[in-house]
Structures are given as C-alpha cells and as structure tokens.
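# Notes for the structure review
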Amino acid sequence: MSSKLKKDYSKYFEFDHDEEGKIGICRICKNKNVKKEVKMKQSNTSGLQRHLKIFHQKEYEVLFSSKQTSKKASKVTELRYGSITASKTDEAAHCETQEGSLVKQVYGASKKYDSKHLKRGRLLERQVFDELRRKGRHLTKSGFHILPKSPIFGDPLDGIGLDYTLEIECPISGETFKNYGKNGKVSNMYKGRMMLQILVCGKKGLFCVAD
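Here goes a summary of the coordinates provided. Owing to the predicted nature of the structure, the values given are computational and were not obtained by experimental measurement. (Residues numbered from 1 in each chain as written. Predicted model: local features only at pLDDT ≥ 70, side-chain atom pairs only at ≥ 80, totals over all residues. Heavy atoms only, no water.)

All right, on to the overall build of the protein chain then. Along its length, the protein chain carries nine helices and 10 strands. The buried share among the 211 residues of the protein chain stands at 32%. Residue pairs in contact within the protein chain that sit at least 24 positions apart in sequence constitute 53% of those at least 6 positions apart. Working note: accessible area of the protein chain is about 14900 Å², and carbon and sulfur atoms make up 53% of it. (Helix = DSSP H or I, 4+ residues; strand = E, 2+ residues; numbered from the N terminus. Buried < 20%, exposed > 50% of the residue type's maximum accessible area, 1.4 Å probe, protein only. Contact = heavy atoms within 4.5 Å. Areas by Shrake-Rupley, 256 points an atom, 1.4 Å probe, with all protein chains shown as cover.)

This part covers the nonpolar core. Counting residues in hydrophobic clusters, the biggest one holds 13 residues, and the most contacted among them are Tyr9, Tyr12, Phe13, Leu48, Leu52 and Leu63. Every element with two or more residues in this core is listed here: helix H2 (27-31), helix H3 (46-55) and helix H4 (57-76). The biggest single contributor to this core is H4, with three residues. Residues contacting Leu52, with those up to four places away along its chain left out, are Tyr9, Tyr12, Phe13, Ile28, Gln57, Glu59, Tyr60 and Leu63. Core analysis: the second largest hydrophobic core is formed by 12 residues, Phe129, Tyr164, Ile168 and Cys170 among them. (Core = buried A, V, L, I, M, F, W, Y, C linked by side-chain atoms within 4.5 Å.)

Another point: the sheet that holds strand S3 (residues 37-39). Pairing within the open sheet is antiparallel, and its three strands lie in the order S1-S2-S3. Of all the strands in the sheet, just strand S1 (13-18) and S3 have a single pairing partner and so form its edges. Each strand of the sheet is rotated relative to its neighbour by a mean of 35°, with strand direction disregarded. One ladder, built from six bridges, connects S1 with strand S2 (residues 21-26); its direction is antiparallel. Across the sheet, residue Phe15 finds its bridge partner in S2, namely Gly24. (Pairing = 2+ DSSP bridges. Axes fitted to C-alpha atoms, helices over the stretch in contact; angles between N-to-C directions.)

A word on the sheet that holds strand S10 (residues 204-209). Ordered by their spatial adjacency, three strands build an open sheet running S6-S7-S10, and the pairing between neighbours is mixed. The sheet terminates laterally at strand S6 (159-160) and S10, the two strands that pair on one side only. Strand direction decides the pairing type here: strand S7 (residues 164-169) and S10, joined by six bridges, are parallel. Residue Tyr164 lies in a different strand from S10, and its bridge partner there is Lys204. Each of S6, S7 and S10 touches helix H7 (residues 116-134); the most contacted strand, S7, lies at about 140° to it. Against the sheet, helix H9 (residues 188-201) engages S6, S7 and S10, with an angle of about 150° to S7.

Okay, H9 next. Given a rise of 1.5 Å per residue, 14 residues ought to cover 20 Å, and the 20 Å separating the end C-alpha atoms of H9 matches this to within 8%. Among the residues of H9, Tyr190, Arg193, Met194, Leu196, Gln197, Val200 and Cys201 are the ones counted as buried. The arc that holds the buried residues of H9, viewed along the axis, is 155°, so those residues lie on one side. Turned more than 90 degrees from where H9 packs its buried face, Asn188, Met195 and Leu199 sit exposed. (Expected span 1.5 Å × (residues − 1). Arc of directions from axis to C-beta.)

Turning next to the pattern of salt bridges. Evaluation of the coordinates by the stated rule reveals nine salt bridges. Among the ionic pairs, Glu20 bridges to Lys39, the shortest N-O distance being 3.6 Å. One end of the pair, Glu20, is in the loop between S1 and S2; the other, Lys39, is in strand S3, with 19 residues separating them in the sequence. Residue Glu20 is classed as exposed on the basis of its relative accessible area of 64%. Given the relative accessible area of 45%, Lys39 is considered partly exposed. The residue Asp163 makes a salt bridge to Lys204 at a minimum N-O spacing of 3.7 Å. Within this pair, whereas Asp163 is found in the loop between S6 and S7, its partner Lys204 is found in strand S10, the two being separated by 41 residues in sequence. Since its relative accessible area comes to 39%, Asp163 is described here as partly exposed. Owing to a relative accessible area of 56%, Lys204 belongs among the exposed residues under this scheme. (Salt bridge = Lys/Arg side-chain N within 4 Å of Asp/Glu carboxyl O.)

Set out below in structure tokens:
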C-alpha cells in the first residue's frame, strides 16, 4: 500500500498484522466498542473501501469525493493548448509529417534545450530593446498575444509600440547575418514571422537584426 493511500485510510483504520497477514481495524467501529477487522491480502485496500461504503456511508463519500476532486484537478493542470508561434511559421508551412517533432514542440511534448547561442541571443535582445528606447521608440515588453479567431496562432512578442510590433533577431555570426534579408528586404522566412505578428496584433511590424 502506498504512503498516500495509507495516509488517506489511516483516518478511519488502524493497521496491524495477524497470522494471515495485514489487517485494517476500523476506528469508527472501535469507538462504538465494536471490533471490526478487515483482511488486507497483499495490502489490498478494496476491503477497506467496501467496509466504509457499507457501514459508514458519510465517511466513504468524504474520502472518495475528495480523491475524485483531486484527480480532476490534477488532470486540469495537465491540459495544454498548443500554439504555432512566429518562430514556427516557416516550419509549419513546410511540414509534411502529422506527428513529427514540430507537433511535439507545439504541444510542449519535447524538451527545450538552452545553449550558449540562446543565452547570447537573450542578452543581445535586451540590448537592442534598450537601444531602441534610447533612440526614442516608445516600446513596452509584451506578453503572449493570440489570434482570437484562430487561437492556435499566437506569439510572445519581443516588444510592442503604439502602432507596431517588434521582432528582434540575433545572428550567431556574421556569416548568418545575410540569412535575415538583403538590400533592405526581409527574407521570406522572417517575413512570415512578421506577418503572423501583424495579423495577431493588427499593427505594422518593426524588424531588427543585431550586428
């Protein structure tokens, strides 16, 4: 019998052993000067449950209604609503696998790994954000925004202004800088990210790349 079950039942039973094995002695019956022993073969608690249900209905309902409520509550905490965020738009657009790594990432079923590049990116992102504010941009940090008509789409913006969203990208090296755009035009991959943010927030988009 698990420690949790023992804790649940110990309010109503004392536990002991006889020549045949473990037994539960009903505390309620004992208080009425009635000795009631329930056999617990291999620590099985079905006999304890049956005894409470037949002889002590009120206590049975208290014990098992609270356990059922706890089970329901634990299930609620496990509910997840997946979202396709801006960083996943390109992958989602080209995905041809029904239950691959993208689906696991969307529903939070895969582990997230931190790396020196991600840590560097977060540091640079804060620096770019602060620099934009110093240059007169009225920006605030923003929470997660969801598209009301299609809540599967959403994004935790890097920042938001009065009439625009902010997307900050931090290249790993100078070589990868060119992947973000050319001649003042944003590459298609990152343009898709911006279009989702624009759609979700109904604002224009500001795209910044750290150098």
